[in-house]
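# A look at the structure
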Amino acid sequence: LDPRQETPRHNEAMDAITQYLGLGSYLEWSEDQRIDFLTKELSSKRPLIPKDMPMNDEVREVMDTCLTVAKLGRNSLGAYVISMAKGASDVLAVELLQREAAFHVAAQRGTAPDLHSTLRVAPLFETLEDLENSGPVMQKLLSNSWYSQHLRVAHDNHQEVMLGYSDSGKDAGRLAANWALYTSMEQLVDITKAHGVKLTLFHGRGGTIGRGGGPTYLAIQSQPPGSVNGGFRITEQGEMVQAKFGISAVAQYQMEIYSTAVLLATLKPPSPPKYAKWRETMDLLSKTSCDAYRDIVVKHPAFIKYFKQATPEAELGNLNIGSRPSRRKDIAGISNLRAIPWQFAWTQTRLILPSWLGVGDAINIAIKQGLKGELQQMYREWPFFQATMDLIEMILAKSDPRIAALYDEVLVEDAEGKELGAQLRDKLTNTVKAILEVTGHTQLLANNPTLRRLLAMRNPYIDPINILQVEILRRLRKDPDNPKLRDALLISINGIAAGMRNTG
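This text gives an overview of the structure that appears in the document.

Here we come to empty space enclosed by the protein. Within the structure shown, the criterion is met by 2 cavities of 30 Å³ or more. Computed from the structure, the second largest cavity encloses a volume of approximately 30 Å³. Along the walls of the second largest cavity sit Lys 398, Leu 455, Arg 458, Asn 459, Ile 462, Gly 499 and Met 500, which together make up its complete lining. Of the residues belonging to the lining of the second largest cavity, the class tally is 3 nonpolar, 2 polar and 2 charged.

Structure (structure tokens):
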């Protein structure tokens, strides 16, 4: 079990501490000031936090979590994961909070504190910017004198880093996120190797392609060389746990897939990009796809209203079917919406927007620049690029613009929203054409006839559920407290999710 908390909560706790002690506002300090302060305190032999320090509920929760972690220890818990990590100070702050909790628990037990028995701390880099900065952040952290010694003594020179597929995809689109993840892993491998540190990458993948999901073997085999060095951590979430591990024979098969892929990726690492030009092409694809994605999701004035009307996003939040609140903060907008309801809502309408938006625009720009032949060669000879294209192709095959158009027709109220929906469906059609240009396939999933047949068998059962869900949503929005309609919506959500599979 991994305890997990967001960086802002830790920073608020540190700010409460420094302000109470008259040291100033931690939140106003620069990154270097924070690191200097934290390193000095971590090197000290005395506790920092007075026992009688007043705390608000949020700070108290952070401190109580650290106390529980200190009491349970490594025998019960794994890594302390820091969501939305942005700097080396984020890791050092958690180390200090764990150290303070260790002092407190030792005093309660009447023993000497063991300051090297704290949990390993795994920063989680989630957004596009954070992934791009992950290398310099870890370079600064591993160069810190206190931390390098602590890592050696307490954790046998073993560092864990978690990478966020869900939020990076929501932030920048799938193609840009995939490339940022790939280059981030390359940097982390080189930096930890230079410091003599063993690296374990923890992949926070969801069930959907938009959240980094897809076939496990394919995903592991397309990692950068050296990133799967005999070990691999990965999340399996929600309905995917039941699907993959609910039956003993299936569970055994899944473990065989993991073992085989990790062994092969360790003993015979996947090929890196063959030519430097391929990296330049990926940089172009990443930038243009991210720009096209954000032009719609961030900059289009009608998008948020359209998203709320055309999908069951609001209803998903009210049904309490997720493991966490659908939003980090009760503020409108995409940035505060968690990645799971963001992806899940689009999957319900069969548009599956986050998994492909921006991809077609990027490929078409590259083709206009005369790069079609290069893209086709990259698809044939580079496992990473081939896996990325194949996963996007699979999701395009599962999408259905006819069903998405029905949601718009019945649920979207204004002309601007309907126009945006039509524009997105046109982009979907153009993305299908662009992907086929790169892969050379005559139709989607031409290289996977088994899956094509499965989808053809499955869709006639999902389509009627979508039609029913549209009518349920129409009625529920007029009568939001109707328990029968809420139950009917929940059944339709489960039915579509089961049929679409990659829903997480």
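Within the element layout of this structure, Trp 356 appears in the loop between helix 15 (339-348) and helix 16 (359-368). Among all residues touching Trp 356, those that are not within four sequence positions of it are Leu 351, Ile 392, Leu 396, Leu 424, Lys 427, Leu 428 and Thr 431.

Next up on the list: the packing of aromatic side chains. Counted by the stated rule, this structure contains 18 aromatic pairs. On the basis of an interplanar angle of 0 degrees and a centroid distance of 6.3 Å, the ring pair of Phe 303 and Phe 307 is categorised as stacked. Highlighted residues: Phe 303 and Phe 307, both in helix 13 (residues 303-310), separated by 4 residues, approximately one helical turn. Each member of the pair, Phe 303 as well as Phe 307, carries the same accessibility label: buried. Ring geometry for Phe 307 against Trp 346: centres 5.3 Å apart, planes inclined by 25 degrees, an arrangement best described as stacked. Within this pair, whereas Phe 307 is found in helix 13, its partner Trp 346 is found in helix 15, the two being separated by 39 residues in sequence. For the pair formed by Phe 307 and Trp 346, the shared burial category is buried. Taken together, the ring pairs in this structure connect Trp 179, Tyr 182, Tyr 275, Trp 278, Trp 382 and Phe 384 into an aromatic cluster. The aromatic ring of Phe 202 is capped on one face by Arg 233, whose charged end is 4.2 Å from the ring centroid.

With that settled, the discussion passes to the sheet that holds strand 5 (residues 198-204). Spatially, the 6 strands line up as an open sheet ordered 1-2-3-4-5-6, and their pairing is parallel. Of all strands in the sheet, those with a lone pairing partner are strand 1 (4-6) and strand 6 (233-234), marking the two edges. Here 2 bridges tie strand 5 to strand 6, and the two strands are oriented parallel to one another. Looking at strand 6, one finds that His 203 is bridged to Ile 234.

With that out of the way, let us pick up helix 19 (residues 401-411). Of the positions making up helix 19, those classed as buried are Ile 403, Ala 404, Tyr 407, Asp 408 and Leu 411. Projected down its long axis, helix 19 shows its buried positions confined to an angular sector of 145 degrees, all on one face. Across from the buried face of helix 19, at angles greater than 90 degrees, the exposed residues are Arg 402 and Glu 409. Close packing links the buried residues of helix 19 with helix 13, helix 15, helix 20 (415-439), helix 21 (449-476) and helix 22 (483-500).

Examined against the element boundaries, Thr 118 turns out to sit in the loop between helix 4 (88-109) and strand 3 (121-125). Other than its neighbours up to four places away in sequence, Thr 118 contacts Arg 74, Glu 95, Gln 98, His 150 and His 155.

All right, on to the packing of helix 15 against helix 22 then. One way to put it is that helix 15 packs onto helix 22 with a least axis distance of 10 Å and a crossing angle of 90 degrees. Classified by the angle between their axes, helix 15 and helix 22 sit roughly perpendicular to one another. On helix 22, the residues touching Phe 344, Thr 347 and Gln 348 of helix 15 are Ser 492, Ile 493, Ile 496, Ala 497 and Met 500. Taken together, the residues of the contact of helix 15 with helix 22 sort by class into 5 nonpolar, 3 polar and no charged.

Let us now look at the nonpolar core. By size, the foremost hydrophobic cluster in this structure holds 70 residues, and its most contacted members are Met 282, Phe 303, Leu 351, Trp 382, Phe 385 and Met 389. Dropping the residues within four chain positions of it, Phe 385 is found in contact with Met 282, Leu 285, Leu 375, Met 378, Tyr 379 and Val 438. Counting 58 residues, the second largest nonpolar core, distinct from the first, contains Met 53, Val 69, Tyr 165 and Val 197.

In this section: the pattern of salt bridges. Within the structure shown, the criterion is met by 26 salt bridges. A salt bridge links Asp 414 to Lys 305, with the shortest nitrogen-to-oxygen separation between them at 4.0 Å. Note that Asp 414 is positioned in the loop between helix 19 and helix 20 and Lys 305 in helix 13, a separation of 109 residues in sequence. Residue Glu 471 is joined to Arg 475 by a salt bridge in which the shortest nitrogen-to-oxygen separation is 2.8 Å. Pair noted here: Glu 471 and Arg 475 are both in helix 21, with a separation of 4 residues, about one helical turn. In this structure Glu 471 comes out as partly exposed when scored by relative accessible area, which is 26%. A network of salt bridges, in which partner residues are shared, links Asp 2, Arg 120, Glu 160 and Arg 233.

The angle between the axes and the distance between the axes are what describe a pair of packed helices. The N-to-C vectors of helix 4 and helix 6 (residues 145-155) enclose an angle of 60 degrees; their axes lie 11 Å apart at closest approach. With respect to each other, helix 4 and helix 6 are oriented oblique. Here helix 4 and helix 6 pass one another in a crossing that is left-handed. Contacts from Val 91, Leu 92 and Glu 95 of helix 4 reach helix 6 at Trp 146, Tyr 147 and His 150. Its residues assigned to classes, the contact of helix 4 with helix 6 shows 4 nonpolar, 1 polar and 1 charged.

Calculation rules
Residues numbered from 1 in each chain as written. Predicted model: local features only at pLDDT ≥ 70, side-chain atom pairs only at ≥ 80, totals over all residues. Heavy atoms only, no water. 1 Å grid on protein atoms, 1.4 Å probe; cavity = no way out; pocket = protein on both sides within 12 Å on 5 of 7 lines; lining within 4 Å. Points joined across faces, edges and corners; volume = space filled by probe spheres on them. Nonpolar A, V, L, I, M, F, W, Y, C, P; charged D, E, K, R; others polar. Helix = DSSP H or I, 4+ residues; strand = E, 2+ residues; numbered from the N terminus. Contact = heavy atoms within 4.5 Å. Phe/Tyr/Trp six-rings, centres within 6.5 Å; stacked < 30°, edge-to-face > 60°. Buried < 20%, exposed > 50% of the residue type's maximum accessible area, 1.4 Å probe, protein only. Lys NZ or Arg CZ within 6 Å of the ring centre and 35° of its normal. Pairing = 2+ DSSP bridges. Arc of directions from axis to C-beta. Axes fitted to C-alpha atoms, helices over the stretch in contact; angles between N-to-C directions. Parallel < 35°, antiparallel > 145°, perpendicular 65-115°, else oblique. Core = buried A, V, L, I, M, F, W, Y, C linked by side-chain atoms within 4.5 Å. Salt bridge = Lys/Arg side-chain N within 4 Å of Asp/Glu carboxyl O. Left-handed = near helix turned anticlockwise from the far one by under 90°.

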